[in-house]
Amino acid sequence: MIAHADLQGDSYQLSKSAAEREACEAIVFCGVHFMAETADILVNRPEKVAAQVSAAARAAGRVTVVLPDMAAGCSMADMAAIEQVEDAWADLGSVIDTSDITPVTYINSAASLKAFCGRHGGIVCTSSNARAVLDWAFAKTKRVLFFPDQHLGRNTARKMGIPLDEMCVWSPHEPRLGGNDARQIEKSRVILWQGHCSVHAMFRPEHVDAVRANLPGVKVLVHPECPMEVVDKADLAGSTSFIIKQVEAAPPGTTWAIGTELHLVKRLEQQHPEQTIRFLSPVVCMCATMYRIDLAHLCWSLEHVEAGNPVNVIRVDDETAKWAVTALERMLAVSETAPR
Ligand code: SF4
């Protein structure tokens, strides 16, 4: 698939790069649903459409965004529905002042959640800028509601020195206060939504112990969507682009065990034969939904775009897009001023 792509990158980089193309009639987004939504939101901002030189996009009033397979969802994004988040917000309001909470959504979430953050003074984050985003949030409010990935929220807050007893986990399936009592909520600076990536949650601390026992000198490099116990045992933790940069910068002969999506690790292994690169887990952890985007679906969707009859078009409604852009632009402003 990558051999056929015009642009490569993580989810946010891809949406941003796509929005910067001024001669674009359509985007076929080879990722999962929330990524295509983000591309649609960013590329179809009124000022971006006005700057388009593509006659077809100008005539249609927007760039068409296509997801080759509508079944390519994200299990993490699906763990927080907008109705659940709105219920949680109302429930929190019964014990604490919600004007003192900043809602923060990981970019791996539905457009409706980004819009919720936009409406409530909140913000979007990626795994690269989560720390800067939380610093921004704590500069204006006492607490943060972080969704949908509890692990990224916990790992980032821990790194900032926030103790675990000032965090609580909010289960959307509990009838009252996400399964907490009022005292726990009052004490918490970070309220973590009980969601996770089903791929990264499979890495276990014992996998780190096993590679250390079997690969002398190994460096363990993991994504912060992994559970805290794994991140604590790793040598390095960071976003997808951080992982790639670490490997690119390492001297020949470096031995890595990497805890992130299998296909990325396999690609790094092929691109860096001068290093020894192993997958951290003994079991296969791959994103089955992302894997649905294959050559057949790409070809099928491109043929329909070419015939002027696009299929699987992703279109975020204008009101949701407007508020989601507000939250995304706050993130952009934070990222631009954050130390690198
Ligand atoms: S790897 Fe995890 S977070 Fe990424 S798309 Fe798949 S399920 Fe979602």
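Please refer to the structure placed before this passage.
Throughout what follows, the structure given in this document is the object of discussion. The structure presented is a predicted model; accordingly, all values stated were derived computationally and were not measured.

A short note on the overall build of the protein chain
- Looking only at helices and strands, the protein chain has 15 helices and eleven strands in total.
- What you see for the protein chain is a C-alpha radius of gyration of 20 Å, in line with the 20 Å of a compact globule of 340 residues.
- Overall, the protein chain is about 55 × 55 × 35 Å in size when its C-alpha atoms are taken along their principal axes.
- When burial is assessed residue by residue, the protein chain has 51% of its 340 residues classed as buried.
- For the protein chain, the proportion of contacts with a sequence separation of at least 24, taken over those separated by at least 6, is 68%.

Looking at a nonpolar patch on the surface
- Together, M1, I2 and L295 make up a nonpolar patch on the protein surface, roughly 230 Å² of accessible area in all.
- With respect to the helices, strands and loops of the structure, I2 is situated in the segment before α1 (11–20).

Comments concerning the sheet that holds strand β11 (residues 276–279)
- One open sheet accounts for four strands, arranged β9-β8-β10-β11; its pairing is parallel. A strand with exactly one partner marks an edge of an open sheet, and here the two such strands are β9 (236–237) and β11.
- Of the strand pairs in this sheet, strand β8 (residues 219–222) and β9 are connected by two bridges, and their pairing is parallel. Bridging from a neighbouring strand, V222 pairs with A237 of β9.
- Relative to the sheet, helix α12 (residues 240–249) contacts β8, β9, β10 (255–259) and β11, its axis offset from that of β8 by approximately 155°.

Some remarks on the sheet that holds strand β6 (residues 167–170)
- If you walk across this open sheet you meet the five strands as β4-β3-β5-β7-β6, and the pairing is parallel. In this open sheet, the two strands that pair with only one neighbour each are β4 (123–125) and β6. Looking at each pair of strands side by side, their axes are set apart by 25° on average, direction ignored.
- Taken together, the three bridges between strand β3 (residues 101–106) and β4 define a ladder with parallel strand orientation. Of the residues in β4, the one forming a bridge with T105 is V124.
- Where helix α7 (residues 130–140) meets the sheet, it contacts β3, β4, β5 (143–147) and β7 (190–193), and its direction lies at approximately 165° from that of β3.

Observations regarding the site of the ligand
- Around the ligand, the structure places V32, C74, S75, M76, N108, C197, V199, E225, C287 and M290.
- Here the residues of the shell around the ligand are counted per class, giving seven nonpolar, two polar and one charged.

Looking at the pattern of salt bridges
- Going through the model one piece at a time under the given rule, you end up with twelve salt bridges.
- For the salt bridge of E269 with K266, the shortest nitrogen-to-oxygen distance reads 3.5 Å. You can see E269 and its partner K266 sitting in helix α13 (residues 262–271), three residues apart, about one turn around the helix.
- The exposure class of E269 is partly exposed, given its relative accessible area of 30%.
- The exposure class assigned to K266 is partly exposed, which follows from its relative accessible area of 41%.
- We note a salt bridge from E319 to K322, for which the minimum N-O separation is 4.0 Å. Of this pair, E319 and K322 both sit in helix α15 (residues 318–337), three residues apart, roughly one helical turn.
- The class of E319 is partly exposed, set by a relative accessible area of 42%.

Side note on the packing of aromatic side chains
- As enumerated under the stated definition, the model contains four aromatic pairs in all.
- Here F116 and F147 contribute two aromatic rings whose centre-to-centre distance is 6.3 Å and whose plane-to-plane angle is 65°, an arrangement assigned as edge-to-face. Pair noted here: F116 is in helix α6 (residues 111–119) and F147 is in strand β5, with a separation of 31 residues, a long-range link. With respect to burial, F116 and F147 carry one shared label: buried.
- Their ring planes at 75° and their centres at 6.2 Å tell us that F147 and W193 sit as a pair that is edge-to-face. Of the two residues, F147 sits in strand β5 while W193 sits in strand β7, which places them 46 residues apart along the sequence. By the burial criterion, F147 is buried, and W193 matches it.
- One aromatic cluster in this structure is built from W89, F116, F147 and W193.

The rules behind each value
Residues numbered from 1 in each chain as written. Predicted model: local features only at pLDDT ≥ 70, side-chain atom pairs only at ≥ 80, totals over all residues. Heavy atoms only, no water. Helix = DSSP H or I, 4+ residues; strand = E, 2+ residues; numbered from the N terminus. Rg over C-alpha atoms; globule rule 2.2 N^0.38 Å. Buried < 20%, exposed > 50% of the residue type's maximum accessible area, 1.4 Å probe, protein only. Contact = heavy atoms within 4.5 Å. Patch = residues over 30% accessible without salt bridge, like charges linked within 9 Å, V, L, I, M, F, W, Y side chains within 5 Å. Areas by Shrake-Rupley, 256 points an atom, 1.4 Å probe, with all protein chains shown as cover. Salt bridge = Lys/Arg side-chain N within 4 Å of Asp/Glu carboxyl O. Pairing = 2+ DSSP bridges. Axes fitted to C-alpha atoms, helices over the stretch in contact; angles between N-to-C directions. Near = heavy atom within 4 Å. Nonpolar A, V, L, I, M, F, W, Y, C, P; charged D, E, K, R; others polar. Phe/Tyr/Trp six-rings, centres within 6.5 Å; stacked < 30°, edge-to-face > 60°.

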